[in-house]
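Residue-level structural notes
The lines below spell out each chain.
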Amino acid sequence: YLHKLERVEKEKQAKKNKGKKELLDVEKPKQPEIFLESFLEAVKEGVKTWADEATITNILDKDVVLVTQDKQTFRGKVAVIRRLNTGMAKLLSVMEQYKGQDFPDIQKEGPTPTEQGTWTMTYTLKRGIMKFRLQDEFTIEGDVVTKLVRKKL
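Residues numbered from 1 in each chain as written. Predicted model: local features only at pLDDT ≥ 70, side-chain atom pairs only at ≥ 80, totals over all residues. Heavy atoms only, no water.

Moving on: unusual backbone geometry. For the peptide bond that leads from glycine 110 to proline 111, omega is 5°, which places it in the cis range. The topology assignment puts proline 111 in strand β3 (residues 105-115). (Helix = DSSP H or I, 4+ residues; strand = E, 2+ residues; numbered from the N terminus.)

Printed below as a string of structure tokens:
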């Protein structure tokens, strides 16, 4: 009986590890990097309507869902783009006091797979004592982002 129990436990562990290995072996999608690079460029250049650019609109599904840091949900490409632009405008207004200084230091992690089709990007913007740490979770189907969850860490 103990041998059978040990064998079953080993098989369960092997299946669990196989799933993790498969996630790590999946090719990293380009959408999170495109999103992050566009976001950072907009911060650097002070572009409030960054999400209107084709670089962003082309990677979003027409029925994309955005869940914001304050748990609001936006549905559809137009609503999501509008909310991303509003968020950028707020971030830029906070950063306005630092205008003329060097661009903040940026640290990024990811994209890292969390489950099949879902990837996280974590990034930190630091300037002096000001620090923003954000995480975006992308659900990707085909070539487009179908869901984006933004969190402030």
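Let's pick the thread back up.
Let us look at the pattern of salt bridges. With the rule as written, the count across this model stands at five salt bridges. Salt-bridge contacts for lysine 108 lead to glutamate 37; the nearest nitrogen and oxygen are separated by 3.7 Å. Note that lysine 108 is positioned in strand β3 and glutamate 37 in helix α2 (residues 31-45), a separation of 71 residues in sequence. The class for lysine 108 is partly exposed, based on a relative accessible area of 40%. Residue arginine 150 pairs with aspartate 136 through a salt bridge whose shortest N-O separation is 2.7 Å. Here arginine 150, found in strand β6 (residues 144-152), pairs with aspartate 136, found in strand β5 (residues 130-141); they are 14 residues apart in sequence, far enough to count as distant. By relative accessible area, which is 1% here, aspartate 136 ends up buried. Bridged by salt links that share partners, the residues Glu33, Glu37 and Lys108 form one connected network. (Salt bridge = Lys/Arg side-chain N within 4 Å of Asp/Glu carboxyl O. Buried < 20%, exposed > 50% of the residue type's maximum accessible area, 1.4 Å probe, protein only.)

A few words on the packing of α2 against helix α4 (residues 77-95). Running from N to C, α2 and α4 cross one another at 40°; their axes reach a closest spacing of 10 Å. On the basis of the axis angle, α2 is oblique to α4. Of the two elements, α2 crosses α4, and the hand of that crossing is right-handed. Between α2 and α4, the residues in contact are Phe35, Phe39, Ala42 and Val43 and Leu84, Met88, Leu91, Leu92 and Met95, respectively. (Axes fitted to C-alpha atoms, helices over the stretch in contact; angles between N-to-C directions. Parallel < 35°, antiparallel > 145°, perpendicular 65-115°, else oblique. Left-handed = near helix turned anticlockwise from the far one by under 90°. Contact = heavy atoms within 4.5 Å.)

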